[in-house]
Amino acid sequence: MARRRWEIMIEVLIEWMIRLCGVSAIIFVFGIFFFVFREGAGLFFSGRFNFTQFLTSIEWYPTSQSNVRYGALALIAGTFSVTAFAMVIAVPFGLGTAIFISEFCEGRLKETLKIVIEILAAIPSVVWGFVGLTVMNSLIIRLFDAAIGLTVLNGGILLALMSVPVIVSIGEDALKAVPDSYREAALALGATRWQMVHRVLVPAAKNGLLAAVLLGVGRAVGETMAVLMATGHSVRVPTSVLDPVRTLTATIAAELGEAPVGSDHYQVLFIIGIFLFTITFIVNLSADLIVRGIRGKA
Amino acid sequence: MQQMTKTSWILALCIVLIAGGCRRSKVTDAGIHGRTIVQNIGSDTMVNLAQAWAEEYARVEPSVSVEVSGGGSGTGVAALINGTADIANCSRRMAPDEMAKVKAASGLDPVLHIVGYDALAIFVHQANTLNEITIEQLAAVYGETGAARSWADLGVQVPGCRDNKMILVSRQSNSGTYYYFREAILGKGKDFKLGTLDLHGSKDVVELVSRTPCAIGYSGMGYATPHVKMLRVARKETEPATAPNIENTQKGVYPISRPLYMYTRGEPTATVKKYLEWINTEVGQQIILASGYVPRAKETTSSATVE
């Protein structure tokens, strides 16, 4: 009898632990949002903070002794330009590789490719940054006759290499989830393999592929170390891919460590954090709505 | 029942571990093998030097372990304020508000010890034909309102550099080197030009300049490599330019040099005091030379300077 009671209690305990694990994601997300918001809100609502300047000025002088200015336009432009450039490379490559692995190759080649791509994902971002700072810098100067090799191009290529594994593995899962009956039906109707892929599989796996791309975007927006080292960390609005830039994330990473806790500079860095949070929130929400929209029609 | 005991044991172990992790490590506590630990935190400019000192001192005085970490002068000062550092390495003087914070946190005034000198060298690519630069020219190159944008403004044509465009290499906006260069070159209250490449380490600046024909950068003399060129610097156009070397720094003729400081909370404890005294001995000053910095001039090596 006693044993019974113990078993029931352990059962309940484990059930609660699993439930806790389940809701912990929600707790963490809200916890982080609350923390970031609390740290930044003080200045944001103090009246001293000029939000228009924040969004429209490129003058970022957080430690100036005479005239402190917090204009983040160049940083925003930096994040968008590097991410957009990375996606131009990573989306076709990532989805192409996912389709190849899932539909066009078999056996040993498939296994090798998957392992190699996993290794690509396992390379620490600081190593990517180091490659960008040393190898790619010289290479870009020589190949493009550029003044400097730490550019949108450099950072974009690195970010593309870092987001391709994400896109490939999730994209491949999405394609794998399409039932084989679809493939068989398409081939039975006389479709070629390519027709099968772009008329049947891609539309069927659309949601999963979109999720893959968006997670790739998330990886690129959030990446810090590699872009800090490879983009030159230079405050300016880029006019070509051969211009250096500075991203929002790199700015936080470079400056938060030495900004005194509670100072205006510290709080502005948290406002940048809120801004980044809002961007990713909007991206995820709109993706969710798109996916629901597609589902609703089908 | 047995299962339950096991679970509770694991739980107890977890609690012990967490509690152990939370206990703030007391700084000059006796270490694992009865060694006294001295926490030495601060300037990235000084981190290699401090590490070299600490390693040599471990041989001289095995009962003391000096633990060095970088992060910047600001990080060192913050650590001194919250009590996690015994010695803060600073490549600049502490700001009045920082000193007030140390006083507020510990009731003791921070005490300054000069341990050597650092000269900031101006680096350009080896192919660059420029040999000298004046402080005014540097201000025109780096200053927010400065007019120089191209190497032609300094009268040179740099081989291998497209459009002769000048690439300005700087440091992140809160490094001690950045502060020092801003004050020494641009003047009080002035700011840098937008669009400088703000690198995160002294070494990175030299590394990047050595690979970029268009670049100009500043960093500690100690970070020079055979792959870059250092410019001679003149205070004014009418004065002669001097090379960034030890002799010129000690004599005070090289225009961009500064003392390196170690701060303690109040007068140093016996262990720390002994360490600071050892730094000023022949052996300690040899290490500063070997690290590429400039030792204190001979006549003042008697003991740590206290202000």
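Residues numbered from 1 in each chain as written. Chains lettered and ligands numbered in written order. Predicted model: local features only at pLDDT ≥ 70, side-chain atom pairs only at ≥ 80, totals over all residues.

This part covers unusual backbone geometry. Unusually for a residue other than glycine, Asp145 of chain A sits at a positive phi of about 50°. Considering the arrangement of structural elements, one finds Asp145 of chain A in the loop between α5 (125-144) and α6 (152-176). (Helix = DSSP H or I, 4+ residues; strand = E, 2+ residues; numbered from the N terminus.)

To continue, consider the environment of Glu183 of chain B. Residues and elements named next belong to chain B. Along the chain, Glu183 falls in helix α6 (residues 176-186). Residue classification places Glu183 among the partly exposed positions, given that 15 C-beta atoms sit within 10 Å. Placed 28 residues apart in sequence, Glu183 and Gly155 show a C-alpha to C-alpha distance of 26 Å. (Buried ≥ 20, exposed ≤ 12 C-beta atoms within 10 Å, placed from the backbone.)

Glancing now at the confidence of the model for chain A. In the predicted model, chain A carries a mean pLDDT of 89, and the fraction of residues at 70 or more is 97%. Taken element by element, chain A is modelled with least confidence in helix α12 (residues 264-297) of chain A, mean pLDDT 81, and with most confidence in helix α3 (residues 73-104) of chain A, mean pLDDT 94. (pLDDT = per-residue confidence, 0-100.)

Moving on, we come to the pairing of strand β11 (residues 257-265) of chain B. Residue and element names in this part refer to chain B. Counting buried positions along β11 gives 8 out of 9 residues, so the element sits mostly inside the fold. With 4 bridges connecting them, strand β3 (residues 87-90) and β11 associate as antiparallel partners. By the bridge assignment, Ile87 is partnered in β11 with Thr264. Relative to β11, strand β4 (residues 110-125) is paired through 9 bridges, and the arrangement is antiparallel. Bridge pairing in β11 places Val111 opposite Thr264. (Pairing = 2+ DSSP bridges.)

This part is about the pairing of β4 of chain B. Residues and elements named next belong to chain B. Buried residues dominate β4, accounting for 13 of its 16 residues. As paired strands, β4 and strand β8 (residues 215-220) are joined by 5 bridges and run antiparallel to one another. From the neighbouring strand, Phe123 faces β8, where its bridge partner is Gly217. Direction of pairing for β4 relative to strand β9 (residues 228-230): antiparallel, over a ladder of 3 bridges. The residue of β9 that forms the bridge with Val124 is Lys229.

A separate point is the interface of chain A and chain B. With 31 residues of chain A in contact, the opposing surface of chain B contributes 30 residues. Secondary structure elements with two or more residues in the side of chain A that touches chain B: α1 (2-44), α5 and α11 (248-256) of chain A. For the side of chain A that touches chain B, a count of residues per class yields 16 nonpolar, 10 polar and 5 charged. (Contact = placed C-beta atoms within 7 Å. Nonpolar A, V, L, I, M, F, W, Y, C, P; charged D, E, K, R; others polar.)

Moving on, we get to helix α3 (residues 73-82) of chain B. Residue and element names in this part refer to chain B. Burial analysis of α3 places 9 of its 10 residues in the buried class, which makes it a mostly covered element. Among all positions in α3, only Ser73, Gly74, Thr75, Gly76, Val77, Ala78, Ala79, Leu80 and Ile81 are buried. Each element contacted by the buried residues of α3 is listed here: β1 (36-42), β3, α4 (96-106), β4, α6 and β11. Where α3 terminates, the next one or two residues include Gly83, which has phi positive at roughly 85°.

Here we take up the packing of α5 of chain A against α6 of chain A. Residue and element names in this part refer to chain A. α6 packs onto α5 with a crossing angle of 140° between their chain directions and a minimal axis gap of 10 Å. Judged by the inter-axis angle, α5 sits oblique to α6. By crossing handedness, the relation of α5 to α6 is classed as right-handed. Contacts from Ser125, Trp128, Gly132, Met136, Asn137 and Ile140 in α5 reach Leu153, Asn154, Gly155, Leu158 and Met162 in α6. The residue inventory of the contact of α5 with α6, partitioned by class, reads 6 nonpolar, 5 polar and no charged. (Axes fitted to C-alpha atoms, helices over the stretch in contact; angles between N-to-C directions. Parallel < 35°, antiparallel > 145°, perpendicular 65-115°, else oblique. Left-handed = near helix turned anticlockwise from the far one by under 90°.)

Residue and element names in this part refer to chain B. Within the element layout of this structure, Trp278 appears in helix α9 (residues 270-279). C-alpha of Trp278 to C-alpha of Val60: the two residues are 218 residues apart in sequence and 9.5 Å apart in space. What Trp278 contacts, discounting residues up to four positions off in sequence, is Tyr57, Val60 and Gly284.

Attention shifts here to the nonpolar core. By size, the foremost hydrophobic cluster in this structure holds 131 residues, and its most contacted members are Leu159 and Ile167 of chain A together with Ala88, Phe123, Ile167, Val169 and Val209 of chain B. When residues no more than four places from it in sequence are discounted, the contact partners of Phe123 of chain B are Val205, Val206, Val209, Gly217, Tyr218, Ser219, Val228, Lys229 and Met230 of chain B. Counting residues in each nonpolar core, the second largest holds 17 residues, with Trp60, Leu75, Ile76 and Phe270 of chain A among its members. (Core = buried A, V, L, I, M, F, W, Y, C linked by C-beta atoms within 7 Å.)

A few words now on the domain arrangement of chain A. All names here are of chain A. Per the domain assignment, the segments making up chain A are domain 1 (2-45) and domain 2 (73-297). Spacing between the C-alpha centres of domain 1 and domain 2 amounts to 30 Å. In this complex, domain 1 contributes 8 residues to the contact, which on the side of domain 2 involves 8 residues. Of the residues that constitute the side of domain 1 that touches domain 2, the class distribution is 5 nonpolar, 2 polar and 1 charged. (Domains from an automatic or database assignment.)

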